[in-house]
Amino acid sequence: AVVSTQSTGGIEDCLHIEFEYNRSKYHLNDVIVGKIYFILVRIKIKHMELSIIKRETTGSGPNTYNENEQISRFEIMDGAPVRGESIPIRLFLSAYDLTPTMKDVNKKFSVRYYLNLVLVDEEDRRYFKQQEITLWRKSPTSLKPENRGVAALENMRT
């Protein structure tokens, strides 16, 4: 059975959307597949964007430093949606230079990734929905155990 992740959001009595994608953990060469459903639309949306945000955190306590980097940004809809409309999402992660998610390494360092959905209305107001995703590095399963050391040495040379 495929387990999907769903995130709902909106503005009371004006906008209600559901952002559904296939899971919350992906390997670095995976594909994020999902849909955005418009349940209630009473504001005039101009366009919608989807981006990947990388957030690095270093330090601890009052000496904490956060840095955000926008890895990608796509306009996934142009024009006003109608109630009941769905927008398909397919985002290939292999196109980006990503690292695995790292949470609280020695309680001093973290790298986290977020899917950031932004809707812009006709008055250029921006509405955000952000969802954390976990990225992991897939082990080279195609290598035989006796050849893994040789492959690692060859990778170090390049």
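What counts, and where the lines are drawn
Residues numbered from 1 in each chain as written. Predicted model: local features only at pLDDT ≥ 70, side-chain atom pairs only at ≥ 80, totals over all residues. Heavy atoms only, no water. Salt bridge = Lys/Arg side-chain N within 4 Å of Asp/Glu carboxyl O. Helix = DSSP H or I, 4+ residues; strand = E, 2+ residues; numbered from the N terminus. Buried < 20%, exposed > 50% of the residue type's maximum accessible area, 1.4 Å probe, protein only. Polar contact = N/O pair within 3.5 Å; in protein donor to acceptor, adjacent residues only side chain to side chain. Contact = heavy atoms within 4.5 Å. Phe/Tyr/Trp six-rings, centres within 6.5 Å; stacked < 30°, edge-to-face > 60°.

A. The arrangement of the pattern of salt bridges in detail. Taken as a whole and judged by the stated rule, the model has nine salt bridges. Among the ionic pairs, lysine 54 bridges to glutamate 56, the shortest N-O distance being 3.3 Å. Counted as one network, the salt bridges with shared partners bring together Glu49, Arg73 and Arg126.

B. Just the side chain of histidine 47, in detail. Tracing the backbone through its elements, the reader meets histidine 47 in strand β5 (residues 45–58). Given the relative accessible area of 13%, histidine 47 is considered buried. A distance of 3.3 Å separates the side chain of histidine 47 from the side chain of glutamate 49, its partner in a polar contact. Apart from the residues within four sequence positions on either side, histidine 47 is in contact with Glu75, Met77, Asp78, Gly79, Val118, Leu119 and Val120.

C. Summary view of the packing of aromatic side chains. Taken as a whole and judged by the stated rule, the model has one aromatic pair. Taking 5.2 Å as the distance between ring centres and 50° as the angle between the ring planes, the aromatic pair formed by phenylalanine 19 and tyrosine 21 counts as tilted. Overall, phenylalanine 19 belongs to the buried group, its relative accessible area being 2%. Among the residues examined, tyrosine 21 registers a relative accessible area of 1% and is labelled buried.

D. Summary view of unusual backbone geometry. Of note, asparagine 106 is a non-glycine position whose phi angle comes to about 50°, a positive value. Tracing the sequence through the fold places asparagine 106 in the loop between β8 (102–105) and β9 (109–121). Judged by its relative accessible area of 66%, asparagine 106 falls in the exposed class. If you check the backbone angles, lysine 107 has positive phi at about 55° while not being a glycine. Note that lysine 107 resides in the loop between β8 and β9.

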